[in-house]
Amino acid sequence: MTPLSDTFLETLAAAAVHEGLADAVFTRLRTPLGRLLVVQGEQGIVRIGFEEEPEDRLLADVAAGVGPRIVASDRELAGTRDALSAYLEGEGQTLALPVDLRLARAPFRRAVLETLHREVGRGDVITYGALAARSGHPRAYRAVGTACARNPVPIVVPCHRVLPSTGGVGNYGGGVERKLALLELEGARPRRLPSTE
């Protein structure tokens, strides 16, 4: 049996997207942070996964949240790929990609991530406590940590910009090295911060 060509598969994916038959489209992207899996639905990026995350589990989680019709296509996500690549190569100053946070299923987590996405820009950092306060729950800094740890759209929803008030950079779902690399790329300088900054 002859394998299907990449061109034919791209044509099928494009037809599925344009006919409204795809719930989401995914692509794999090589970056300075390692290989990323990027999944996008009609409203925006729903999931970014780092190479350590099992791809089948990640796609199954997306399917449970947005629908099972997920197709692979580099061409359909060319704009997203180009924007992410440029940003992570240090060529883009902003990363204005649409996001769909429906995989942040708990309302509090979604609210925290929306606040982070909207209010903490490139080169800025914020503490878990300050993000909790901005989200309307000043005592919920631990829950903010959980929201960041379970962020389905890292990099674009910049949980790497959230730091502990005690100093250092804290944890990151993609690893501390990636967090440091992103902060350096953006020109942010981690330092000791007051918790309600």
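None of the values given here were measured: they were computed from a predicted structure. (Residues numbered from 1 in each chain as written. Predicted model: local features only at pLDDT ≥ 70, side-chain atom pairs only at ≥ 80, totals over all residues. Heavy atoms only, no water.)

Peer 1: Even after reading the chapter, I still don't get the confidence of the model for the protein chain, so can you show me in this structure?
Peer 2: Low pLDDT marks stretches whose predicted atomic positions should not be read closely. For the protein chain, per-residue confidence averages 89 on the pLDDT scale, and residues scoring 70 or more make up 87% of the total. Highest mean pLDDT in the protein chain belongs to strand E3 (residues 44-50) (98); lowest belongs to helix H1 (residues 6-18) (65). Low pLDDT (under 50) marks residues 192-197, which in the prediction has 17 contacts with non-local residues, meaning those over four places away or in another chain. (pLDDT = per-residue confidence, 0-100. Helix = DSSP H or I, 4+ residues; strand = E, 2+ residues; numbered from the N terminus. Contact = heavy atoms within 4.5 Å.)

Peer 1: How do you make sense of the pairing of strand E1 (residues 24-31) when you look at a structure like this?
Peer 2: Looking along a regular strand, one sees the side chains alternate between the two faces of the sheet. Within E1, six of the eight residues are buried, which leaves it mostly tucked inside the rest of the structure. Note that E1 and strand E2 (residues 34-41) share seven bridges and pair antiparallel. Among the inter-strand pairings, Val25 is bridged to a residue of E2, identified as Gln40. (Buried < 20%, exposed > 50% of the residue type's maximum accessible area, 1.4 Å probe, protein only. Pairing = 2+ DSSP bridges.)

Peer 1: Help me understand the nonpolar core, please; the structure alone is not making it clear to me.
Peer 2: Soluble globular proteins tend to bury their nonpolar side chains together. In terms of nonpolar packing, the biggest core is built from 35 residues, with Ile48, Leu84, Leu116, Leu131, Val153, Ile155 and Val156 touching the most fellow members. When contributions to this core are tallied by element, the ones reaching two or more residues are E2, E3, helix H3 (78-88), helix H4 (107-119), helix H5 (128-134) and helix H6 (141-149). If one sorts the elements of this core by residue count, H5 sits on top with four residues. Ignoring sequence-local partners within four residues, the contact set of Leu131 consists of Val112, Thr115, Leu116, Ile126, Val144, Cys148 and Val162. In terms of nonpolar packing, the next biggest core, distinct from the first, is built from 11 residues, Ala24, Phe26, Leu37 and Leu59 among them. (Core = buried A, V, L, I, M, F, W, Y, C linked by side-chain atoms within 4.5 Å.)

Peer 1: Would you mind going over the layout of surface pockets with me for this structure?
Peer 2: Empty space among the atoms becomes apparent when a probe as large as a water molecule is rolled across them. Considering only enclosed or pocket space, the largest pocket measures out at about 450 Å³ in volume. Lining the largest pocket are 23 residues, and of these Arg47, Glu53, Ala149, Arg150 and Asn151 lie nearest its centre. Where the lining of the largest pocket is concerned, the elements lending two or more residues are E3, helix H2 (55-66) and H6. Split by residue class, the lining of the largest pocket holds 13 nonpolar, three polar and seven charged. (1 Å grid on protein atoms, 1.4 Å probe; cavity = no way out; pocket = protein on both sides within 12 Å on 5 of 7 lines; lining within 4 Å. Points joined across faces, edges and corners; volume = space filled by probe spheres on them. Nonpolar A, V, L, I, M, F, W, Y, C, P; charged D, E, K, R; others polar.)

Peer 1: What am I meant to see in H2 here?
Peer 2: Since the α-helix turns once every 3.6 residues, residues separated by three or four places project in the same direction. Compared with an ideal rise of 1.5 Å per residue, which puts 12 residues at 16 Å, H2 spans 16 Å between its outermost C-alpha atoms and is within 8% of the ideal. By the burial criterion, the buried members of H2 are Leu58, Leu59, Val62 and Val66. Taken end-on, H2 shows its buried residues confined to a sector of 95 degrees, consistent with a single buried face. Those residues of H2 that are exposed and angled more than 90 degrees off the buried face are Asp56, Arg57 and Ala64. The elements touched by buried residues of H2 are E1, E2, E3 and strand E4 (70-72). (Expected span 1.5 Å × (residues − 1). Arc of directions from axis to C-beta.)

Peer 1: Honestly, unusual backbone geometry in this entry has me stumped. Any pointers?
Peer 2: Glycine aside, residues mostly have negative phi angles, and peptide bonds mostly take the trans form. With phi around 75 degrees, Ile155 is a residue other than glycine that occupies positive phi space. Positionally, Ile155 belongs in the loop between H6 and strand E6 (162-163).

Peer 1: In this structure, what is going on with the packing of aromatic side chains? I would like to understand it.
Peer 2: Ring pairs (aromatic) are described by centroid distance and by the angle formed between their planes. Applying the stated rule across the entire model yields one aromatic pair. Ring centres of Phe50 and Tyr172 lie 6.1 Å apart, and the angle between their planes is 65 degrees; this geometry places the pair in the edge-to-face category. Placement of Phe50 in strand E3 and of Tyr172 in the loop between E6 and helix H7 (176-186) is noted, with a sequence separation of 122 residues between them. For the pair Phe50 and Tyr172, a shared accessibility class is recorded, and that class is buried. (Phe/Tyr/Trp six-rings, centres within 6.5 Å; stacked < 30°, edge-to-face > 60°.)

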